[in-house]
Amino acid sequence: MSVNKVILLGNLGKNPEVRYLDNNKIVANFTVATSETYTNRNGERQTDTEWHNIEVWDSLARIAEKYLKKGNQVYLEGKLRTERWTDKEGQERIGKKIRATSLTLLGGRTQSDSADSNDEQTHQPENGHTNQTNHPQASHEDDLPF
């Protein structure tokens, strides 16, 4: 038995880059920064930031395109993936990315989205095609499509 599961809580480093592919497929890529603060041996506070490359597909990519912005706090779950490619100089490269399968927007909505700024929005594809949404304090005036 084995498990490949990644859980991150961090902030978007840039707006999602979205690509539309054949067969109505859509993919969005963005970075998420996670930080850890600690006190070193000299008693000085240190912060280490780790950057994560994130990839979302289809319905989550559409949500990312519409609602995710640089600086947003996000909670996500997914799987660690290895990608291989050849660079311009012909060198084979290997990198890691996280293919997110669940996404929760934290910190409320922007003012342009809603006057109610305390909602969390959870999106998780069901069988890879649709979204389950959890709105703990959703109102009938909610104009979000999920």
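Relevant structure appears above.
Residues numbered from 1 in each chain as written. Predicted model: local features only at pLDDT ≥ 70, side-chain atom pairs only at ≥ 80, totals over all residues. Heavy atoms only, no water.

### A closer look at the environment of His-52
The topology assignment puts His-52 in strand 4 (residues 45–57). Spatially, the C-alpha atom of His-52 lies 8.4 Å from that of Phe-30, the residues being 22 residues apart in sequence. Setting aside its immediate chain neighbours within four residues, His-52 contacts Leu-8, Phe-30, Thr-31, Val-32, Thr-34 and Ile-98. Within the local environment of His-52, its side chain forms a polar contact with the side chain of Thr-34, the two groups lying 2.8 Å apart. (Helix = DSSP H or I, 4+ residues; strand = E, 2+ residues; numbered from the N terminus. Contact = heavy atoms within 4.5 Å. Polar contact = N/O pair within 3.5 Å; in protein donor to acceptor, adjacent residues only side chain to side chain.)

### Observations concerning the pattern of salt bridges
It is possible for side chains bearing opposite charge to pair when their charged atoms get close. Counted by the stated rule, this structure contains 7 salt bridges. Close ionic contact of Glu-77 with Lys-5 constitutes a salt bridge, the shortest N to O distance being 3.1 Å. Of this pair, Glu-77 sits in strand 5 (residues 73–86) while Lys-5 sits in the segment before strand 1 (6–12), and the two are 72 residues apart along the sequence. With a closest N to O distance of 2.9 Å, Arg-93 and Asp-87 form a salt bridge. Salt bridges here are not isolated pairs; linked through shared partners, they connect Glu-55, Glu-83, Lys-97 and Arg-99. (Salt bridge = Lys/Arg side-chain N within 4 Å of Asp/Glu carboxyl O.)

### Comments concerning unusual backbone geometry
Phi at Asn-23 is positive, roughly 60°, even though this residue is not glycine. If you trace the backbone, Asn-23 turns up in the loop between strand 2 (17–20) and strand 3 (26–39). Of note in this structure, Asp-58 is not a glycine but carries a positive phi near 50°. A relative accessible area of 17% means that Asp-58 is categorised as buried. (Buried < 20%, exposed > 50% of the residue type's maximum accessible area, 1.4 Å probe, protein only.)

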